[in-house]
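Analysis of the macromolecular model
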Amino acid sequence: MPRSKIDALPQEVRNELNRELIARNFSDYEGLADWLGARGFEIGKSSIHRYGAKFEQRLEMVAFASEQAKAFVEALPDDQGETAEASVRMFQQIIFEILIAGEEKDLTKIASVGRALADITRASTTLRQERRKWRAGAADAAARIMKREGLKPDTASAIRAAIEGAQ
């Protein structure tokens, strides 16, 4: 598949185009073609429209993901990283949707998504490990206090098990 003329633009011009698309509410493609032409880039309004439609869709996806992340933060107290773990799960879902949609045919981009998924999975594993360490530390501290206060051993064991097994 031939590379689009917009993909061939210098990054700074593409960034300006993105800002212009947003400022013009993803319309006035003829004006955008003129705007690019004045900068020395002859690109038809149809090409700009195709690019703009994809860009708008991606922008909406990011906005939706941001709304979901905000809802997670508001709905969940951040008790030992639960909000971060929920965000990891949400991001994993977004990556899976991109892969399932099959929009990306470029293997390097798919590999990049795979690396991102691996990074997110490692982050999730680290969060679970840190949560276990936190619980073990809390259980140790509670055990010292219970011993000092003379709590019965079976009661102390039940409290420690509850702390360590807390989800």
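The structure this text deals with has already been given above.
The number of helices and strands found in the chain is six helices and zero strands. In sequence order, the chain lays out its α and β elements as α-α-α-α-α-α. Taking all contacts inside the chain whose residues are at least 6 apart in sequence as the whole, residues at least 24 apart take part in 51%. A total of about 11600 Å² of accessible surface is found on the chain, and carbon and sulfur atoms cover 57% of it.

Glancing now at unusual backbone geometry. Its identity is not glycine, yet phenylalanine 26 carries a phi of approximately 55°, on the positive side. With respect to the secondary-structure elements, phenylalanine 26 resides in the loop between α1 (11-23) and α2 (29-38). Positive phi, close to 60°, is recorded for aspartate 28, a residue that is not glycine. Within the secondary structure, aspartate 28 is located in the loop between α1 and α2. Among the residues examined, aspartate 28 registers a relative accessible area of 41% and is labelled partly exposed.

A few words on the pattern of salt bridges. Scanning all chains against the criterion turns up seven salt bridges. Across the pair arginine 24 and aspartate 28 runs a salt bridge whose closest N-O atoms are separated by 2.8 Å.

What follows deals with the nonpolar core. Inside soluble globular proteins, nonpolar side chains tend to come together where they are buried. Ranked by size, the top nonpolar core spans 15 residues in total, and within it Ile6, Leu9, Leu17, Leu21, Leu36 and Ile48 carry the most contacts. Broken down by secondary-structure element, the contributors of at least two residues to this core are α1, α2 and α3 (45-75). Among the elements that line this core, the one with the most residues is α2, at five residues. Those residues in contact with leucine 21 that sit more than four places away from it in its chain are Phe26, Tyr29, Leu32, Tyr51, Gly52 and Phe55.

For the rest of this paragraph, the subject is the side chain of arginine 14. Mapped onto the elements of the fold, arginine 14 is located in helix α1. No salt bridge is formed by the buried arginine 14; its nearest oppositely charged neighbour, aspartate 7, is found at 5.0 Å. Each residue touching arginine 14, except ones within four places of it in the same chain, is listed here: Ile6, Asp7, Leu9 and Tyr51.

Cut-offs used in this document
- Residues numbered from 1 in each chain as written.
- Predicted model: local features only at pLDDT ≥ 70, side-chain atom pairs only at ≥ 80, totals over all residues.
- Heavy atoms only, no water.
- Helix = DSSP H or I, 4+ residues; strand = E, 2+ residues; numbered from the N terminus.
- Contact = heavy atoms within 4.5 Å.
- Areas by Shrake-Rupley, 256 points an atom, 1.4 Å probe, with all protein chains shown as cover.
- Buried < 20%, exposed > 50% of the residue type's maximum accessible area, 1.4 Å probe, protein only.
- Salt bridge = Lys/Arg side-chain N within 4 Å of Asp/Glu carboxyl O.
- Core = buried A, V, L, I, M, F, W, Y, C linked by side-chain atoms within 4.5 Å.
- Lys, Arg positive; Asp, Glu negative; His and termini not counted.

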